[in-house]
Amino acid sequence: MQQKLPELFNSFSQFDQQILYRRREIIIRPSDESGGIFYIKQGYVRQYAISSEGIELTLNIFGPSSVFPILSSINELSNGYYYESLTPVEVYRAPKEKFLTEIKNNITALYELEQQILVFSASLLKKLESMAFCDAMGKIVVSLLDLVNKFGRKHGKKTVIDYWFTHHDIATITGLSRETVSLEIKKLWKKKIISYENHLIEIKDVKGLSEIISCK
């Protein structure tokens, strides 16, 4: 049986603005004028900011069926972030005004968008909490568990994060230096909580990983 597509997709597909991006292409820049609202049919998109010192901070990773930029999609806030294709992506773009008109008349699509906003907000709060109260190991563990939630794939008794995240990538997610990430990851590897297979991180014990979070 063919899986039913989310109602949000139907709201976007009618505008017939399908766009394909290769891996690591910039989709939106902070300086861009309103380029519309995007729906991800396939692939993953990274939202990030760059400090005045040139340091990147990954704020969120949007997966299939997600809408972005999610905050400016329903209000007048201007976008202040970069959005980059983490993988090859297929997106649909809708003019903001037409999207808002459509969403107001489609209760199911509006509900789906509201659920995304709730998940997005909860993820940001968890990230903020870990950055404020957790030590370096805690920040990394929280981030790894989030990646498991987004990219996890069962492989026997292990869970594979099915995307190649480098130590630099994890540094941009946690706000730590790459050197600190490497040191803490090595501790997890020595404890045999994680391992590597073809550059992919394997979590041997997700529950065990969650139990070593150190936050005050």
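This text follows the structure it describes.
Scope of this entry: the structure provided in the associated data block.

The rules we used
- Residues numbered from 1 in each chain as written.
- Predicted model: local features only at pLDDT ≥ 70, side-chain atom pairs only at ≥ 80, totals over all residues.
- Heavy atoms only, no water.
- Helix = DSSP H or I, 4+ residues; strand = E, 2+ residues; numbered from the N terminus.
- Buried < 20%, exposed > 50% of the residue type's maximum accessible area, 1.4 Å probe, protein only.
- Contact = heavy atoms within 4.5 Å.
- Salt bridge = Lys/Arg side-chain N within 4 Å of Asp/Glu carboxyl O.
- Core = buried A, V, L, I, M, F, W, Y, C linked by side-chain atoms within 4.5 Å.

Mapped onto the elements of the fold, His155 is located in strand 9 (residues 152-155). Judged by its relative accessible area of 45%, His155 is partly exposed. Filtering out sequence-adjacent residues up to four positions away, His155 remains in contact with Val160 and Glu202.

Before going further, it helps to spend a moment on the pattern of salt bridges. A complete count under the given rule lists nine salt bridges for this structure. The closest approach of N and O atoms between Arg46 and Glu84, which form a salt bridge, is 3.1 Å. Taken together, the positions of Arg46 in strand 4 (residues 45-50) and Glu84 in strand 7 (residues 82-85) put the pair 38 residues apart, joining distant regions of the chain. Here the two residues Arg46 and Glu84 agree in accessibility, since each one is buried. Through salt bridges with shared partners, a single ionic network connects Arg24, Arg46, Glu56, Glu84 and Asp169.

Cis geometry marks the peptide bond from Phe68 to Pro69; its omega dihedral reads -10 degrees. Mapped onto the elements, Pro69 comes out in the loop between strand 6 (67-68) and strand 7. Look at Arg24: it is not a glycine, yet its phi comes out positive at around 65 degrees. Within the secondary structure layout, Arg24 lies in the loop between strand 1 (18-21) and strand 2 (26-28). On the basis of relative accessibility, which here comes to 28%, the residue Arg24 falls in the partly exposed class. Not every positive phi belongs to a glycine, and His199 is a case in point at roughly 75 degrees. Its place among the elements puts His199 in the loop between strand 11 (194-197) and strand 12 (200-203).

One finds Leu8, Phe12, Ile27, Phe38, Phe68, Val91 and Phe99 to be the most contacted residues of the largest nonpolar core, which totals 29 residues. Contributions of two or more residues to this core are made by helix 1 (7-13), strand 1, strand 2, strand 3 (37-42), strand 6, strand 8 (89-94), helix 2 (96-104) and helix 3 (107-133). Sequence-distant contacts of Phe38, defined by excluding residues within four places in its chain, comprise Phe12, Ile19, Tyr21, Ile27, Ile28, Ser66, Val67, Phe68, Val91, Tyr92 and Arg93. Counting residues in hydrophobic clusters, the runner-up holds 24 residues, among them Val148, Phe151, Ile185 and Ile203.

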